[in-house]
Amino acid sequence: MKFVFKPVLLAVTAVLLAGGVSAADSDSWAHLPAAQRPDPGTPDYTGKWAMPTPIRALKTTDGKEPPLLPAAKAKYAANQAALKTNPKSDPIANCWIQGVPRIIYASYPMLIAQDKDRVNLVYETNHTFRIVSLRRPLPKWDDDLDPHWLGYSAGHWDGKTLVIDTIGQHDQSWLDYSGLPHSEKLRVQERYTLDGPDRINGELTLTDPETFSQPWSTRFTLVRQPGYDLKENVCVRDHKM
Amino acid sequence: MRQMLVLALVIVAGMSTAVVAQEGTVRKLTPAEQAQLDTDNKGRATAMTAAQWLARRSGGNQAERKAWEPTPPPADPRDFTGLWQLPGGNINLLQENGEGAPFTPEEAKRTQQLIDAEAHGAVLTDAASQCFPHGVPRLNFAPYPIRFAYLPGEILMLHEVGHNLRLIHLDRKEAPKDTPQSFLGYSVGHWEGDTLVVETSHFNDKTPLDFHSSHGTKLKVTERFQKQKTSQGYTDLVVHITIDDPEHFTRPFTVVRHWPFRSDMAATLGADGITEYSCEENNRNVETTSDGRVIIK
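It should be emphasised that the depicted structure is a prediction, and the values quoted were computed from it without experimental measurement. The written sequence of each chain sets the order in which its residues are numbered from 1. Chain letters start at A and ligand numbers start at 1, both assigned in the order the entries are written. Given that the model is predicted, a residue must reach a pLDDT of at least 70 before its local features are reported, and side-chain atom pairs must reach 80 or more before they are shown or counted; all residues, however, enter totals for whole chains, interfaces and linings.

(A) View of the overall build of chain B. Helix and strand labels come from DSSP, where a helix needs a run of H or I of at least four residues and a strand needs a run of E of at least two; each type is numbered from the N terminus. Helix and strand counts for chain B stand at 5 helices and 11 strands. With C-beta atoms placed from the backbone, a residue is labelled by how many other C-beta atoms lie within 10 Å of its own: buried for 20 or more, exposed for 12 or fewer, partly exposed between the two. Going through the 297 residues of chain B one by one, you find that 37% of them count as buried.

If you want it as structure tokens, here you go:
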């Protein structure tokens, strides 16, 4: 049951844009308990979103191959070769939690629930969520972190742009469907900027001195899905149900 | 990096005579600090040393230290944000309420058969132990932290255990007509005063209610969530859970649980107090004994 981006939603978006109704400027946090409402003027990313153009293989912002170091290039080639003979060599075929940034461009919608202290990013794919604190900084003792599939994230505002930094991810996850690898030294910066009420321009910067010769960036787009009702989506390998 | 932190510590806490002399050598923790370190280390595969813990506590600027301070329970009775956790979660419908649940004769027989089989060494497996969602209300009996999040017209429950995710619709009175059956069902909610009333239906029949009793697809669960005020503020979230399944029970019955507010855990490293629980990779419910027997907890 793959999510299909429906043209009808595009139509709804167009009407909203034409009507000049801007959820971002309304400063309406009425759904939140009073003590949890962000300061007036804080951009509001709350809602249901989906990526209209799925991304299979990450490229840099100017369309080039990521700047892989020789060993990582060999690993990428091996992952791609394995995929051709065995689609289950993809880590997500084991139903393991997708890492960051791959979870962002899973082919299912997501929710953002924002309050004063945190941004909750909730993904339909395999009922996965990230709770990103806007209050607590990233841990500093990197060497002591147990790697997690989703790593450790902290968010902050850069003007109207929501910035999320993530470290401490497992190196078993892939960065995309094509098998792009990374190490545990990966640092991901996500930048979300509202472009009108119903579109988010996203930018990713990936820094990983064991995989890439230099930090590099790529872009993505999220489009609002008014009224979308998140489904129960479950991925379990080898079960008896 | 570590050395810089240590240096900063020496400067900041220079008045103390027995502060960090060099990496790995630290002053003795007070009993309260040791208890906090033990708490912070729970659930971590690699325990923090006293030196690392002190660096975390004392390092950084004042704003950073403040950021890691626990937040008190919100004073608003409808504000469920924060971290809640059932201590030592368990559920046994045979003993619940001192009299057991009102099983139909068939369900009583099924339940007893499973208990007998387990007593004879059978390994029971269920949805949760295979990394499927736990089902409702079973999810409410898991001893893991829970966070609530608010969207317009919806409340989310984000559970650490198995990254279970519940969505409660406040903007409608019933499930849409074409709603499929699912592990966690379809939930609609409304406020009655300061009580969040959640009604859930459209379950599949694949989740157990406790560890031995089952339910059918006609199950309807009503949860009433209410914050309970004590002298320390709203320290508990109380949930009254009414189970209504005419195919398995002769009448609806209610079980109650208290979820304490865990401000102390909110500073646990990770997703603001929710540690990543990857059931798919490392199922904490399953334990293999030294003689190779698999125990589903």
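(B) Local environment of the overall build of chain A. A count of helical and extended segments in chain A gives 2 helices and 9 strands. Ordered by position from N to C terminus, the α and β elements of chain A give α-β-α-β-β-β-β-β-β-β-β. Residue burial in chain A is summarised as follows: out of 241 residues, 37% are buried. We call two residues in contact when the distance between their C-beta atoms, placed using the backbone, is within 7 Å. Taking all contacts inside chain A whose residues are at least 6 apart in sequence as the whole, residues at least 24 apart take part in 59%.

(C) Fine view of the interface of chain B and chain A. With 49 residues of chain B in contact, the opposing surface of chain A contributes 42 residues. Every element with two or more residues in the side of chain B that touches chain A is listed here: α1 (2-12), α3 (50-58), α4 (62-67), β2 (145-151), β3 (154-159) and β4 (165-169) of chain B. At 4 residues, β2(B) tops the list of elements feeding residues into the side of chain B that touches chain A. Three categories are distinguished: nonpolar for Ala, Val, Leu, Ile, Met, Phe, Trp, Tyr, Cys and Pro, charged for Asp, Glu, Lys and Arg, and polar for the others, with Gly belonging to the last. When its residues are assigned to classes, the side of chain B that touches chain A shows 25 nonpolar, 11 polar and 13 charged.

(D) Focus on the nonpolar core. Formed by 87 residues in total, the largest nonpolar core has its most connected members in Leu121(A), Val122(A) and Leu158(B). The next biggest cluster of nonpolar side chains, apart from the first, holds 6 residues, and it includes Leu58(A), Ala72(A), Tyr76(A) and Leu180(A). Only buried residues count toward a nonpolar core: Ala, Val, Leu, Ile, Met, Phe, Trp, Tyr and Cys, linked into one set through C-beta atoms within 7 Å.

(E) Quick look at the environment of Leu167(B). With respect to the helices, strands and loops of the structure, Leu167(B) is situated in strand β4. With residues near it in sequence (within four places) discarded, Leu167(B) still touches Leu230(A), Glu154(B), Leu156(B) and Ser187(B).

(F) Expanded view of the sheet that holds strand β9 (residues 253-260) of chain B. Residue and element names in this part refer to chain B. Spatially, the 9 strands line up as an open sheet ordered β1-β2-β3-β4-β5-β6-β7-β8-β9, and their pairing is mixed. Looking along the sheet, the strands with just one partner apiece sit at the ends: β1 (83-85) and β9. Taking each pair of neighbouring strands and ignoring which way they run, the sheet shows an average axis angle of 25°. Pairing of strand β8 (residues 233-244) with β9 involves 8 bridges; the strand directions are antiparallel. Each residue of the ladder has a partner; that of aspartate 236, found in β9, is proline 260. Strands pair, by our definition, only if DSSP identifies at least two bridges between them. Angular values range over 0 to 180 degrees, each being the angle between N-to-C directions of two axes fitted as lines to C-alpha atoms, with helices fitted over their stretch in contact.

(G) Representation of the environment of Ala57(A) within the structure. Residue and element names in this part refer to chain A. In this fold, alanine 57 is placed in the loop between β1 (47-50) and α2 (70-85). Its 13 C-beta neighbours within 10 Å are what place alanine 57 among the partly exposed residues. For the pair alanine 57 and alanine 77, spaced 20 residues apart in sequence, the C-alpha separation works out to 13 Å. Once residues within four sequence positions are removed from consideration, alanine 57 is found in contact with Asp176, Tyr177 and Ser178.

(H) Looking closely at the pairing of strand β9 (residues 216-224) of chain A. Residue and element names in this part refer to chain A. Side chains Trp216, Thr218, Phe220, Leu222 and Arg224 project from β9 onto a buried face, and the interleaved Ser217, Arg219, Thr221 and Val223 project onto a face without burial. Bridging between β1 and β9 involves 2 bridges; their strand directions are antiparallel. Bridging from a neighbouring strand, alanine 50 pairs with valine 223 of β9. In this structure, strand β8 (residues 199-207) lies alongside β9, joined through 8 bridges in antiparallel fashion. Bridge pairing in β9 places asparagine 201 opposite threonine 221.

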